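# Coordinate analysis (summary)
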Amino acid sequence: MGRLFAVRRSLFLVWFAAMVSAAWSVMTPTLAAESTAEKPRAAGRYNVLFIIADDLNNALSCYRHPVVRTPNIDRLAARGMRFDRAYTQFPLCNPSRASFLTGLRPDHTRVYDNAVHFRENVPDAVTLPQCFRKHGYFVARVGKLFHYGVPAQIGTSGLDDPQSWDLVVNPRGRDKDEEDKIFSLVKGQFGGTLSWLSADGTDEEQTDGIGAAEAIRLLEERKGERFFLAVGFYRPHTPYVAPHRYFEMYPPDRVPLPEIPPGYFDTVPAAAITLARVEREMDESLKRQAVQAYLASITFMDTQVGKVVDALDRLGLAEDTVIVMTSDHGYHMHEHGLWQKRSLFEESARVPLIFAVPGMKNAGKATSGIVEMVDIYPTLVELCGLEMPPNLDGQSMVPLIENPDLPGKPFAVTQVTRGSGKNLFHGYSVRTARWRYTEWDGGRKGVELYDHENDPAEMRNLGDDPRYADVRAELKKLIPSPHVE
């Protein structure tokens, strides 16, 4: 049965790649032909500018990071609302993006890795951009929205969804063309391995600089019609590439480097800590260089965000456009001794999220109400006055936008997988206002409990502490039934 499924999946991916290749010409940037089908007149209340960074955690100055400089995202937060407790459903690119762009949880899409296209499992799903397209909007993508590998698939459409867009742009810059200059912990590996480059040249030569310019061009060309423009930046995803001046902002000896107390790894389940051998062997100098490069990439990405938002203002579109800024999941920079993603700790599960709505009365405020990325879809639909699609797994955040003092959801759910094949198992984590409770393989491979009132860094696991047995029993009721393959 497993072999049959694998064959069917491989055939699907071959067919899907062929369809994408036939539908789109390959150039830099790549432009998809607009649909010739007649579309209804757009009747939405607002345009949408949807901005997403790749692998961005909450290391933003508007989220009170002590070092990083993100003046443009800060300005966006000042005109919008910052969500302080927003959580991804799966801290890995493809599962997360398949989830929030369909409005369905990962156990609904059944996308748990970076290889499966969501339409293999939910072929009739109406995606977020597709919903706006059905309502007559001009819908375009610049850069990475659905999943494709970075940096290997930069300049292509990867696992994109053709029926979601009228037009796509696939930028490709010198960061892709100069991979031979990139330092990597494993020579020649970049996407899933810590790697970085302080680059020659200008912002405009980088993939994200090209993407920002293309987004601005589309705003200029389409300013007279209702639009949903999604702009997916590649940084700060590995390899961390940015021009020299951004690296110079963060001298390695001044970047924060979390300390791991002796014996810490013995206090958490083995499944909670996934660390490559090369990462364990890094010395302090390399660790600081990695953090420097990550922060430099964030500030570089922030500059590109500023260019796009400034263009929106210059063109007089801000008063008619909802702006969303987020990431697909969080990211570790040595917290818990971890790097990158796919953990169920706060740093990996939590995402930055900003909504700026024209005329909003709570501009510049923040909310501690709990929300999930799966809630973005119904929120945009409600804000723009569109018909709500049935069967979405999220709920609208509009009440929180109107009153940031509301508590939001009672809890958020984040999940990951470990192992493969017959040895694959799931981890689920629930985050309430005070607690994070995590079970691995239904608790058979470990349990974690963290008290955020007294331990916001999640360094003291109370999973075996008898004093918290009642707390664990109540939180256990919130854990979804473990998925069975």
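Now for a quick tour of the structure. (Residues numbered from 1 in each chain as written. Predicted model: local features only at pLDDT ≥ 70, side-chain atom pairs only at ≥ 80, totals over all residues. Heavy atoms only, no water.)

## Observations regarding the sheet that holds strand E19 (residues 447–451)
Judged by pairing direction, the sheet is antiparallel, and its 4 strands sit side by side in the order E16-E17-E18-E19 without closing on themselves. Single-partner strands in this sheet number two, and they are strand E16 (412–418) and E19. The average undirected angle you get between the axes of adjacent strands in this sheet is 15°. The pairing of strand E18 (residues 435–440) with E19 spans 5 bridges and is antiparallel. Across the sheet, residue Arg-436 finds its bridge partner in E19, namely Tyr-450. Each of strand E17 (425–431), E18 and E19 is contacted by helix H14 (residues 469–476), which is oriented at about 70° to E18, the strand it contacts most. (Pairing = 2+ DSSP bridges. Helix = DSSP H or I, 4+ residues; strand = E, 2+ residues; numbered from the N terminus. Axes fitted to C-alpha atoms, helices over the stretch in contact; angles between N-to-C directions. Contact = heavy atoms within 4.5 Å.)

## A word on the packing of aromatic side chains
Within this structure, the stated rule accounts for 17 aromatic pairs. Ring geometry for Phe-50 versus Phe-228: centroids 6.5 Å apart, planes at 20°, classification stacked. Remark: Phe-228 occurs in strand E8 (residues 227–236) and Phe-50 occurs in strand E2 (residues 47–54); sequence separation between them is 178 residues. Judged by relative accessible area, Phe-50 falls into the buried class, the value being 1%. Looking at Phe-228, the relative accessible area reads 2%, which means it is buried. Between the aromatic rings of Phe-345 and Tyr-450, the centroid separation amounts to 6.0 Å while the plane-to-plane angle is 55°, which identifies the pairing as tilted. Of this pair, Phe-345 sits in the loop between strand E12 (339–340) and helix H11 (346–349) while Tyr-450 is found in strand E19, placing the two residues 105 residues apart along the sequence. Taking relative accessible area as the criterion, Tyr-450 reaches 0% and is therefore assigned buried. Taken together, the ring pairs connect Phe-50, Phe-100, Phe-132, Tyr-137 and Phe-228 into an aromatic cluster. One cation-aromatic arrangement involves Arg-82 over Tyr-63; the distance from NZ or CZ to the ring centre is 5.4 Å. In this structure, Arg-280 is placed above the aromatic ring of Phe-265, and the distance from its NZ or CZ to the ring centre is 5.8 Å. (Phe/Tyr/Trp six-rings, centres within 6.5 Å; stacked < 30°, edge-to-face > 60°. Buried < 20%, exposed > 50% of the residue type's maximum accessible area, 1.4 Å probe, protein only. Lys NZ or Arg CZ within 6 Å of the ring centre and 35° of its normal.)

## Re the pattern of salt bridges
Considering all chains together, one arrives at 37 salt bridges under this definition. The residue Asp-441 makes a salt bridge to Arg-444 at a minimum N-O spacing of 3.1 Å. Of the residues examined, Asp-441 reaches a relative accessible area of 15% and is grouped as buried. For Arg-467, the salt bridge identified is with Asp-465, shortest N-O distance 2.8 Å. Arg-467 gets classed as exposed once you look at its relative accessible area, which sits at 68%. (Salt bridge = Lys/Arg side-chain N within 4 Å of Asp/Glu carboxyl O.)

## Quick look at the layout of surface pockets
Reported here for the second largest pocket is a volume of approximately 800 Å³. Taken together, 29 residues line the second largest pocket, and the ones lying closest to its centre are Asn-58, His-65, Glu-335, Glu-347 and Arg-350. Residue assignment for the lining of the second largest pocket shows that the elements contributing at least two residues are strand E3 (81–87), helix H10 (284–314) and H11. Partitioning the lining of the second largest pocket into residue classes produces 15 nonpolar, 5 polar and 9 charged. (1 Å grid on protein atoms, 1.4 Å probe; cavity = no way out; pocket = protein on both sides within 12 Å on 5 of 7 lines; lining within 4 Å. Points joined across faces, edges and corners; volume = space filled by probe spheres on them. Nonpolar A, V, L, I, M, F, W, Y, C, P; charged D, E, K, R; others polar.)

## Quick look at the environment of Gln-304
Summarising the element assignment, Gln-304 is placed in helix H10. With relative accessibility at 0%, the residue Gln-304 sits in the buried group. Distance from Gln-304 to Val-169, taken between C-alpha atoms, is 16 Å for residues 135 residues apart in sequence. Setting aside chain neighbours within four positions, we find Gln-304 in contact with Asp-203, Asp-208, Gly-209, Ala-212, Phe-233 and Tyr-246.

## Points about unusual backbone geometry
Pro-236 follows Arg-235 through a cis peptide bond whose omega is 15°. Here Pro-236 shows up in strand E8. Thr-238 connects to Pro-239 through a cis peptide bond whose omega is -5°. Residue position: Pro-239 is located in the loop between E8 and strand E9 (240–243).

## Section: empty space enclosed by the protein
Summed over all chains, the structure comprises 2 cavities of 30 Å³ or more. By volume, the largest cavity amounts to about 40 Å³. Residue lining of the largest cavity: Asn-72, Arg-75, Leu-76, Arg-79, Val-305, Gly-306 and Val-309, and that is the complete set. Counting only elements with at least two residues in the lining of the largest cavity, the list comes to helix H2 (71–79) and H10. Forming the walls of the second largest cavity are Asn-94, Arg-97, Ala-98, Phe-118, Phe-146, His-147 and Leu-159. Grouping the amino acids of the lining of the second largest cavity by side-chain chemistry returns 4 nonpolar, 2 polar and 1 charged.

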